[in-house]
Amino acid sequence: MTEEHIKEQISCAYARAIAAQAGVIFREYSSIDYGLDGKFSEVSYDEENNRFSENGFGIDVQIKATTNIKSKNGKLIYDLEVKNYRDLIKTDVGTPRILIVYSMPKEKEEWVAVTTEQTILKKCAWWCSLKGNPKTNNKKKIRIEIPDNQLLTSSELLRLIEQVKVGASL
């Protein structure tokens, strides 16, 4: 497997772990890729049917894994491919979209650590919404800034889904 595919698999494992801890489904899109990598979907209890089910509230995601994220003045600097940027700035979409940037150590041996006491995925991920950002004439990449306080945690994921439920922008 290529190093890029390994990074992708680990970043999706992070998203899946965060979702599981929050009680949210993370569904990874595997065979057909139209610009999104997966979706977080909320699950709620339906008393009438006496079961849990998806309730239709969710967030589409594009996930990028990198060993090269930089921090400057409270912002994380990331160079995103223009094709992904164009998908994420769209305003005429039914489900909100976010970019997740998963930062990994430079050394491959540090990406995942397993002992009898713990499994650690090193480092972490941040999220941002690019909805409504200006179009670009760049051909390959565009530099974006993500506020460093937008760490993707299970509690932050639940907060984002609550925003979606009330129709607020992410």
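In the block above lies the structure referred to throughout.
Every value quoted in this text rests on a predicted model; they were computed, and no experiment measured them.

Some points on the environment of threonine 67
Here threonine 67 shows up in the loop between β3 (51–66) and β4 (70–72). Sequence separation between threonine 67 and threonine 115 is 48 residues; the distance between their C-alpha atoms is 23 Å. What threonine 67 contacts, discounting residues up to four positions off in sequence, is Lys7, Met104, Pro105, Lys106 and Trp111.

Topic: the packing of aromatic side chains
Enumeration over the complete set of coordinates arrives at three aromatic pairs. Look at tyrosine 14 and tyrosine 102: their rings are 4.9 Å apart centre to centre, the planes differ by 45°, and that puts the pair in the tilted class. Pair noted here: tyrosine 14 is in helix α1 (residues 3–22) and tyrosine 102 is in strand β6 (residues 97–103), with a separation of 88 residues, a long-range link. A centroid spacing of 5.2 Å and a plane angle of 50° characterise the contact between phenylalanine 26 and phenylalanine 40, whose relative ring orientation is tilted. With a gap of 14 residues between them, phenylalanine 26 in strand β1 (residues 24–28) and phenylalanine 40 in strand β2 (residues 38–46) connect regions that are remote in the sequence. Overall, phenylalanine 40 belongs to the buried group, its relative accessible area being 0%.

Digging into the sheet that holds β2
Read from one edge to the other, the open sheet built from five strands follows the order β1-β2-β3-β6-β9, with strand pairing classed as mixed. Looking at which strands have only one partner, the edges of the open sheet turn out to be β1 and β9 (124–128). Between one strand axis and the next, the sheet turns by 35° as a mean value, whatever way the strands run. As paired strands, β1 and β2 are joined by five bridges and run antiparallel to one another. Its bridge partner being in β2, phenylalanine 26 is matched across the sheet by phenylalanine 40. The sheet strands contacting α1 are β1, β2, β3, β6 and β9, and the helix crosses β1 at an angle near 160°.

Description of the layout of surface pockets
Taken as a whole, the largest pocket holds about 550 Å³ of empty space. Around the largest pocket, the lining is made up of 25 residues, and of these Glu4, Lys64, Ala65, Tyr78 and Glu81 lie nearest the centre. Secondary structure elements with two or more residues in the lining of the largest pocket: α1, β3, β5 (75–81), α2 (82–88) and β10 (141–147). When its volume is computed, the second largest pocket comes out at roughly 160 Å³. Along the walls of the second largest pocket sit Val93, Gly94, Thr95, Pro96, Arg97, Ser129, Lys131, Val164, Gly167, Ala168, Ser169 and Leu170, which together make up its complete lining. Classifying every residue of the lining of the second largest pocket gives five nonpolar, five polar and two charged.

Quick notes on the rules
- Residues numbered from 1 in each chain as written.
- Predicted model: local features only at pLDDT ≥ 70, side-chain atom pairs only at ≥ 80, totals over all residues.
- Heavy atoms only, no water.
- Helix = DSSP H or I, 4+ residues; strand = E, 2+ residues; numbered from the N terminus.
- Contact = heavy atoms within 4.5 Å.
- Phe/Tyr/Trp six-rings, centres within 6.5 Å; stacked < 30°, edge-to-face > 60°.
- Buried < 20%, exposed > 50% of the residue type's maximum accessible area, 1.4 Å probe, protein only.
- Pairing = 2+ DSSP bridges.
- Axes fitted to C-alpha atoms, helices over the stretch in contact; angles between N-to-C directions.
- 1 Å grid on protein atoms, 1.4 Å probe; cavity = no way out; pocket = protein on both sides within 12 Å on 5 of 7 lines; lining within 4 Å.
- Points joined across faces, edges and corners; volume = space filled by probe spheres on them.
- Nonpolar A, V, L, I, M, F, W, Y, C, P; charged D, E, K, R; others polar.

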